[in-house]
Amino acid sequence: MTLVESATTPHRGSAPMGRLLAAELRWVLRRPRTLVMLGLFALVPILIAIGVVVVADRSGGGLIGAIAGNGLVLPVAAMTLMLALLLPLAVAMAAADAIAGEAAHGTLRSLLLAPVGRGRLVVMKAFGVLVVAVVATVIVAVVGVLAGLVVVGGADGTLVTLSGTTLGFGEAMGRVGIAALWTVGQLAAVGAIALAISAFTEHPLVVLASVLGGLIVFGVLGAIPALDWLQPYLLTTGFSAGADVLRDPMTWGDPGSSTLRALCYMAIGGGITTSRMLTRDA
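Since this is a predicted model, take the numbers as computed values, not measurements.

Caption draft 1: Region of the structure containing the overall build of the protein chain. Looking only at helices and strands, the protein chain features 11 helices and two strands. Listed N to C, the secondary structure of the protein chain is α-α-α-α-α-α-α-α-β-β-α-α-α in terms of helices and strands. In terms of principal-axis extent, the alpha carbons of the protein chain reach across some 80 × 45 × 30 Å. Looking at the protein chain as a whole, 45% of its 282 residues qualify as buried. Contacts in the protein chain between residues at least 24 apart in sequence constitute 81% of all its contacts with a sequence separation of at least 6. Roughly 13300 Å² of accessible area belongs to the protein chain as shown, and the carbon and sulfur atoms make up 71% of that amount. In the protein chain, 16 positive and 13 negative side-chain charges are present, and the distance between their average locations comes to 12 Å.

Written as structure tokens, this is what we have:
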């Protein structure tokens, strides 16, 4: 190859990142099971709203009880409740399909050999998982707001906080947005760990079982008083911190610590995934 040919020949890994991310976005959002899952997620806030209205006089206390006659609590309550299992299921499925699913269908080899670069491949797959986390959370938040206003209702679109104060519609939407952003951060941590597991197996169900089983085990460990020392290290410890946006003034202690914990899990999961993909045989 001459010097001129060498200078004009595209190098391996020269595929534009924008094109790669766009292709991954199309692939992720066109999967039928992803669309079905997102549709089912949209039903959850509606079902909660209907349930609260039907049994309003027996709704009791707690986060669910606070929804009655106070519809803008619904999106925050729905995201908090679904973060326990349903929303992590979404990102676990996306991560399982991202690498393990590709390996099971025999397409991962072509991706590893393609002029993409393995580091870029990890970024591309992580982007796909993050997209699912964002879309799922936004759907729950938006449907929650609409169902809260239409089905549950409230005092002229205001939000009565858990502290007893009243917030206007704009400030209430700001609180919902903060809760949604925080929820995406927690899901990104789950997705990073799921992607790391996905990089070591060719069976997507192993990824789902490992992630969901791990979340359940974390929840059990966090409920044992003798293991209080372990709670700061468990990802699920702060999963209820999103409800703090409903307090006035809003407290940042638990949301901040849970966000820092999620960043640590993201770093660990991302590091493991990158190391595995860089050394994995094609």
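Caption draft 2: Representation of unusual backbone geometry. The step from D248 to P249 runs through a cis peptide bond, and the omega angle for that step is 0°. Among the structural elements, P249 can be located in the loop between helix 10 (204-222) and helix 11 (253-279).

The rules behind the values
Residues numbered from 1 in each chain as written. Predicted model: local features only at pLDDT ≥ 70, side-chain atom pairs only at ≥ 80, totals over all residues. Heavy atoms only, no water. Helix = DSSP H or I, 4+ residues; strand = E, 2+ residues; numbered from the N terminus. Buried < 20%, exposed > 50% of the residue type's maximum accessible area, 1.4 Å probe, protein only. Contact = heavy atoms within 4.5 Å. Areas by Shrake-Rupley, 256 points an atom, 1.4 Å probe, with all protein chains shown as cover. Lys, Arg positive; Asp, Glu negative; His and termini not counted. Charge placed at Lys NZ, Arg CZ, Asp CG, Glu CD.

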